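What follows is the residue order along each chain.
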Amino acid sequence: MALSLCRQQVDPAALPWEIIVHVLAFLPGRDRLAASSVCSRWRACLFHPSLWPRLHLRLAGPATRSERVGDVNRGNEEKGREDDRDNNGDDGENVGHCLQAAAFLVRRCGAFVRDFSLAIEVVGRGFVSGDGSLDALRSHAAAAVALLRPLARNRNLEKLALLGDSVVDVLGPTIGTDTVVQNLSYTLLDPDNEKSKELQWLLRQLLRSCKRLRWLSLAFMLEAAAPDLLQTLPSTTLASLQHLSLLRLHGSLPLDNSGGDALPLLRPAEASRLMALRCLALDAPDFTAELAQALARRGDATPLSRLCLLLHHQHPRLSKSLDGMPQDQDWRALATRNPLLRVYVMAVGVGAEPLHRLFRPGLPLERLHLDGCPGVSTALLDNVGQQYNRWLSHMLLVREMNDMGPPALNLNTDRAEDPLVLLAWKCSHLARLTVHGYLMWDYDIVAIARLRGPSLLVLEVTEESLDFDLEALQLAEGLEGRQPQSGWRTYREDPLKMLEHQVATALGRQWAPTPLGHKLDVFNQPTWTFCREVESFGID
């Protein structure tokens, strides 16, 4: 192949390397790899450090029928959709090919990449069935260790994010036909702790050598987030961290495996050394009153602006840490020291007592996601609307529903006004409301849309949660002195169309409920949703 340049035939290999690198910079990751087959010179220019500032890898197992290598310069979601469309062949071949591609990229780019993330997803929300899924988990655990080895030589890494699969921790796998193992620990995946120890050693080596680390996120990735990880790091590394996320649902067991209580991942002694910290994400049982007090006493440190807490019913320290949760005076002291502090809370499957213990008046709550919580009640929503009306901007209320499961839960049983309508009325900054699994009457949705108007940027309600009251609309039209016949006829013939029209008019844009069978993004795997929200919340 030859190029026409200034009326002369120029071979691509004769181009200056600066031009080749500049051309490759406009291509997505997959096309860059294809362009490397043009010639050896192009292949040599392919791995110039300026072309690979970010390397985002996502591996999905056979249970999800996709295996992804995330694009390095485009959005991961777009790349995932492209890979899903292309994934029509044999799963085993795709798995092997993509793992080889990921390992090749890390070997070539791991020494100079500045932003590295690895996400491993084996199953969706639900039970893991059979030994095949455990084999997939074990293979991905080995892949995680293999992909991190080349990073140990990187001294310029600024962002490191490791996200594992938490579904096994939450629900436990189904072994055989009728035996369910709850609270599966990683001993089934790594019985000799070899992979866990190697992963911890690799992380320590990597973090000790990094002089510019700003972002560290370790979530549900084997035993990577060990209780002694931070205390072994140099003070310079801790002082440079601006974002820290440490999450592990199954808890942090004592290092000598002697049993006893699980240990917190972040302790007050290490928290006092995080002088540049702006965003912190932890399991709620790990965020104790002592830790809140240590963060409030950091002196001349950078003010903490974002705090994200995951309150999960499967966490082993949940019942033992209720008394150690921050009290109202602790939250007020922390908010006084950090005036821009805003809090994001996701609660999964917890009852009323942990929620009431956490929701103190001094908590500057801005985002709240309640997923499958039996503790959700009218009183709780009233408390949230009353205490956090100055800050609350995101409210997600999700509960599992299916054909064989329970119907939508009605929170408004003995009151004239729906609690979500009252919440929308009290919270003037509400920008997102998502509801699934809780009964929503059509007139309540219209009322919420009219209360908040165009400022309500996202209003998600599934069709399974909708119900229509024909008598209420006819009575309302009659009381307002309008001719009820035309509107009543339209409503009676197509109530969904009438609802969409009324809500769209109030919001000033097109609107429709989430169709039947189409799962909300927040419902597929709540812990992954939490990690994505932490990243966006920390940047805001």
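Residues numbered from 1 in each chain as written. Predicted model: local features only at pLDDT ≥ 70, side-chain atom pairs only at ≥ 80, totals over all residues. Heavy atoms only, no water.

**Some remarks on the nonpolar core**
So, point 1. Ranked by internal contacts, the top residues of the largest apolar core, which has 119 residues, are Phe116, Phe287 and Phe359.
So, point 2. Residues contacting Phe359, with those up to four places away along its chain left out, are Val345, Leu365, Leu368, Leu380, Asn383, Val384, Gln387 and Tyr388. (Core = buried A, V, L, I, M, F, W, Y, C linked by side-chain atoms within 4.5 Å. Buried < 20%, exposed > 50% of the residue type's maximum accessible area, 1.4 Å probe, protein only. Contact = heavy atoms within 4.5 Å.)

**Quick word on the packing of aromatic side chains**
So, point 1. Scanning the model with the defined rule gives seven aromatic pairs in all.
So, point 2. A ring pair is formed by Phe359 and Tyr388, whose centres lie 6.2 Å apart and whose planes are at 75°; its orientation type is edge-to-face. Residue Phe359 is found in the loop between α13 (352-358) and β14 (365-371), and its partner Tyr388 is found in the loop between α14 (378-387) and β15 (394-398); the two are separated by 29 residues along the sequence. Per residue, the accessibility class of Phe359 equals that of Tyr388, and both read buried.
So, point 3. Put simply, the rings of Phe47, Trp52 and Phe104 touch in pairs and so form one group of aromatic residues.
So, point 4. Stacked on the ring of Trp215, the Lys or Arg Lys159 has its end atom at 4.2 Å from the ring centre. (Phe/Tyr/Trp six-rings, centres within 6.5 Å; stacked < 30°, edge-to-face > 60°. Helix = DSSP H or I, 4+ residues; strand = E, 2+ residues; numbered from the N terminus. Lys NZ or Arg CZ within 6 Å of the ring centre and 35° of its normal.)

**Structural notes on the packing of α14 against helix α15 (residues 419-426)**
So, point 1. At a closest axis distance of 9 Å, the pairing of α14 and α15 adopts a crossing angle of 5°. It follows that α14 is roughly parallel to α15 by the angle criterion. Every residue of α15 that contacts α14 at Thr378, Leu381, Asp382, Val384, Gly385 and Gln386 is listed here: Pro419, Leu420, Leu422, Leu423 and Lys426.
So, point 2. Its residues placed into classes, the contact of α14 with α15 shows six nonpolar, three polar and two charged. (Axes fitted to C-alpha atoms, helices over the stretch in contact; angles between N-to-C directions. Parallel < 35°, antiparallel > 145°, perpendicular 65-115°, else oblique. Nonpolar A, V, L, I, M, F, W, Y, C, P; charged D, E, K, R; others polar.)

**Remarks on the pattern of salt bridges**
So, point 1. What the rule picks out here adds up to 11 salt bridges.
So, point 2. A salt bridge links Asp328 to Arg332; the shortest N-O distance between them is 2.7 Å. You can see Asp328 and its partner Arg332 sitting in helix α12 (residues 328-337), four residues apart, about one turn around the helix.
So, point 3. Between Arg432 and Glu533 there is a salt bridge whose closest N-O contact spans 4.0 Å. A residue pair is termed long-range when its members are at least 10 positions apart, and Arg432 in strand β16 (residues 432-436) and Glu533 in helix α21 (residues 526-539) qualify at 101 residues. Assigned by exposure class, Arg432 and Glu533 land together as buried. (Salt bridge = Lys/Arg side-chain N within 4 Å of Asp/Glu carboxyl O.)

**Some points on helix α16 (residues 442-452)**
So, point 1. Of the positions making up α16, those classed as buried are Asp442, Asp444, Ile445, Val446, Ile448, Ala449 and Arg452.
So, point 2. Directly after α16, the chain includes Gly453, whose backbone phi takes a positive value near 60°.

**A closer look at the packing of α15 against α16**
So, point 1. For the pair α15 and α16, interaxial distance at closest approach is 9 Å and the crossing angle is 0°. Taken together, the axis directions place α15 and α16 in an arrangement best described as roughly parallel. Contact residues: α15 offers Leu420, Val421, Ala424 and Trp425, while α16 offers Asp444, Ala447, Ile448, Leu451 and Arg452.
So, point 2. For the contact of α15 with α16, a count of residues per class yields seven nonpolar, no polar and two charged.

**With respect to the confidence of the model for the protein**
So, point 1. For the protein, mean pLDDT is 76; residues scoring 70 or higher make up 71% of the total.
So, point 2. Confidence, read as mean pLDDT per element, is least for strand β7 (residues 173-175) in the protein (32) and greatest for β14 (95).
So, point 3. Within the model, the stretch residues 251-260 combines pLDDT values under 50 with 17 contacts to residues more than four positions away or in other chains. (pLDDT = per-residue confidence, 0-100.)

**A closer look at α14**
So, point 1. Those residues of α14 lying buried are Thr378, Leu380, Leu381, Asp382, Val384 and Gly385.
So, point 2. On its buried face, α14 is in contact with α13, β14, β15 and α15.

**Notes on the side chain of His243**
So, point 1. Mapped onto the elements, His243 comes out in strand β10 (residues 243-247).
So, point 2. For His243, a relative accessible area of 3% corresponds to the buried category.
So, point 3. What His243 contacts, discounting residues up to four positions off in sequence, is Arg214, Trp215, Leu216, Leu277, Cys279 and Val534.

**A few points about the pairing of β15**
Side chains on a regular strand alternate between the two faces of the sheet.
So, point 1. When you tally the buried positions in β15, you get five out of five residues, the bulk of the element.
So, point 2. Side-chain alternation along β15 places His394, Leu396 and Val398 on one buried face and Met395 and Leu397 on a second face that is also buried.
So, point 3. Of the strand pairs in this sheet, β14 and β15 are connected by five bridges, and their pairing is parallel. Across the sheet, His369 pairs through a bridge with Leu396, a residue of β15.
So, point 4. As defined by bridge partners, β15 adjoins β16 across five bridges and the pair is classed as parallel. Its bridge partner being in β16, Met395 is matched across the sheet by Leu433. (Pairing = 2+ DSSP bridges.)

**Details of the environment of Pro49**
So, point 1. Relative to the helices and strands, Pro49 is located in the loop between α3 (40-46) and β3 (54-60).
So, point 2. For Pro49, a relative accessible area of 42% gives the class partly exposed.
So, point 3. Remark: the alpha-carbon pair of Pro49 and Arg114, spanning 65 residues in sequence, is separated by 9.3 Å.

**Points about the state of the cysteines**
So, point 1. By the definition in use, this model includes zero disulfides.
So, point 2. Free cysteine Cys531: the closest other cysteine sulfur is in Cys308, separated by 9.8 Å. (Disulfide = S-S within 2.5 Å.)

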